[in-house]
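# Reading the structure
Chain by chain, the residues run as shown.
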Amino acid sequence: MPKPTPRDLALVAMFAALIAVLGMPGGISFFGSVPITLQSLGWMVAACLLGAWRGALTMIVFNLLLAAGLPIGAGGRGGLGVLTGVSGGYLVGAVLGMFVTGLIAERVGRRNLVGLFVACVVGCMIVVYAVGIPWSAWRLGSGTLGVAQASLQFLPGDLVKAALAALITTTVVRAYPPIVQERERERVPA
């Protein structure tokens, strides 16, 4: 991990705030207490734009603020209970998921719409589900297969969010290339 600059820290804080704002309206819960929110869209956009380390750091900051009691979770919830509850695995898994998404986004390029979509699906869906589903099953005291089947309700919305995140990323990079090029310039010797 490269040493974070003040600019890196500002971007991490800004995207942690964006993720919080995307959860403020609350969510819709169907089968249990894991709400459908727009926060995962924030995870995807942050990871695609910021890359692996800054993306993961964004979610770490968000989770620390949430654990400290700030009401930044879905529907304004906060506290350690949110992280240890039924949906906590998705929040914990998002750290690794955002790292994976950011890593893939760095490799495929931030102007590659299809590559960014794949990055979001692999990192912020598959990786996050791989942590969140067993965690939810453990917290609910039920079988993993049953929770996995109930989680199918999230797939259509998450696929739409992945497409939107890829589109948002390519649009932002075209409009404001320095958001991703700053780090790349630092690696090139002068």
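Residues numbered from 1 in each chain as written. Predicted model: local features only at pLDDT ≥ 70, side-chain atom pairs only at ≥ 80, totals over all residues. Heavy atoms only, no water.

Per an unreviewed UniProt entry, the chain is named Biotin transporter, and its organism is Barrientosiimonas humi. According to its UniProt record, the chain has this under Subcellular location (unreviewed entry): "Cell membrane". Its UniProt record, at the heading Sequence similarities (unreviewed entry), says of the chain: "Belongs to the BioY family." (UniProt positions renumbered as here; feature names shortened; annotations may be inferred.)

## Details of the packing of aromatic side chains
In the structure shown here, the tally under the stated rule is two aromatic pairs. Judged by centre distance (5.0 Å) and plane angle (70 degrees), the ring pair of Trp53 and Phe99 falls under edge-to-face. Of this pair, Trp53 sits in helix H2 (residues 39–67) while Phe99 sits in helix H4 (residues 88–108), placing them 46 residues apart in sequence. Exposure remark for Phe99: the relative accessible area of 22% places this residue in the partly exposed category. With a centroid separation of 5.8 Å and 90 degrees between ring planes, the pair formed by Trp135 and Trp138 is classed as edge-to-face. With Trp135 and Trp138 both in helix H5 (residues 113–140), this residue pair falls three residues apart, about one helical turn. Assessed through its relative accessible area of 22%, Trp135 is described here as partly exposed. Since its relative accessible area comes to 57%, Trp138 is described here as exposed. When the ring centre of Trp138 is taken as origin, the NZ or CZ atom of Arg139, which lies over that ring, is 5.0 Å away. (Phe/Tyr/Trp six-rings, centres within 6.5 Å; stacked < 30°, edge-to-face > 60°. Helix = DSSP H or I, 4+ residues; strand = E, 2+ residues; numbered from the N terminus. Buried < 20%, exposed > 50% of the residue type's maximum accessible area, 1.4 Å probe, protein only. Lys NZ or Arg CZ within 6 Å of the ring centre and 35° of its normal.)

## Some details on the UniProt feature "transmembrane region" (unreviewed entry) in the chain
The UniProt entry lists residues 12–31, 43–68, 80–104 and 116–138 under the feature "transmembrane region" (unreviewed entry), expressed in the numbering used here. Overall, residues 43–68 shows 96% helix and 0% strand. The separation of its end C-alpha atoms is 20 Å. Between the first and last C-alpha atoms of residues 116–138 the distance is 32 Å; the span itself is 100% helix and 0% strand.

## Some details on helix H7 (residues 155–175)
Taking 1.5 Å as the rise per residue, H7 with 21 residues should run 30 Å; its terminal C-alpha atoms sit 30 Å apart, in good agreement. Listing the buried residues of H7 in full gives Asp158, Lys161, Ala162, Ala165, Ala166, Thr169, Thr170 and Val173. Buried residues in H7, looked at end-on, bunch into an arc of 165 degrees, giving them a common side. Turned more than 90 degrees away from the buried face of H7, the exposed residues are Val160, Arg174 and Ala175. (Expected span 1.5 Å × (residues − 1). Arc of directions from axis to C-beta.)

## Re the pattern of salt bridges
Throughout the structure, instances matching the rule amount to three salt bridges. The shortest N-O distance in the salt bridge between Arg54 and Asp8 comes to 3.0 Å. With a gap of 46 residues between them, Arg54 in helix H2 and Asp8 in helix H1 (residues 6–23) connect regions that are remote in the sequence. The same class applies to Arg54 and to Asp8, which are both buried. With its nearest N and O atoms 3.9 Å apart, the salt bridge here joins Arg107 to Glu106. Of the residues examined, Glu106 reaches a relative accessible area of 30% and is grouped as partly exposed. (Salt bridge = Lys/Arg side-chain N within 4 Å of Asp/Glu carboxyl O.)

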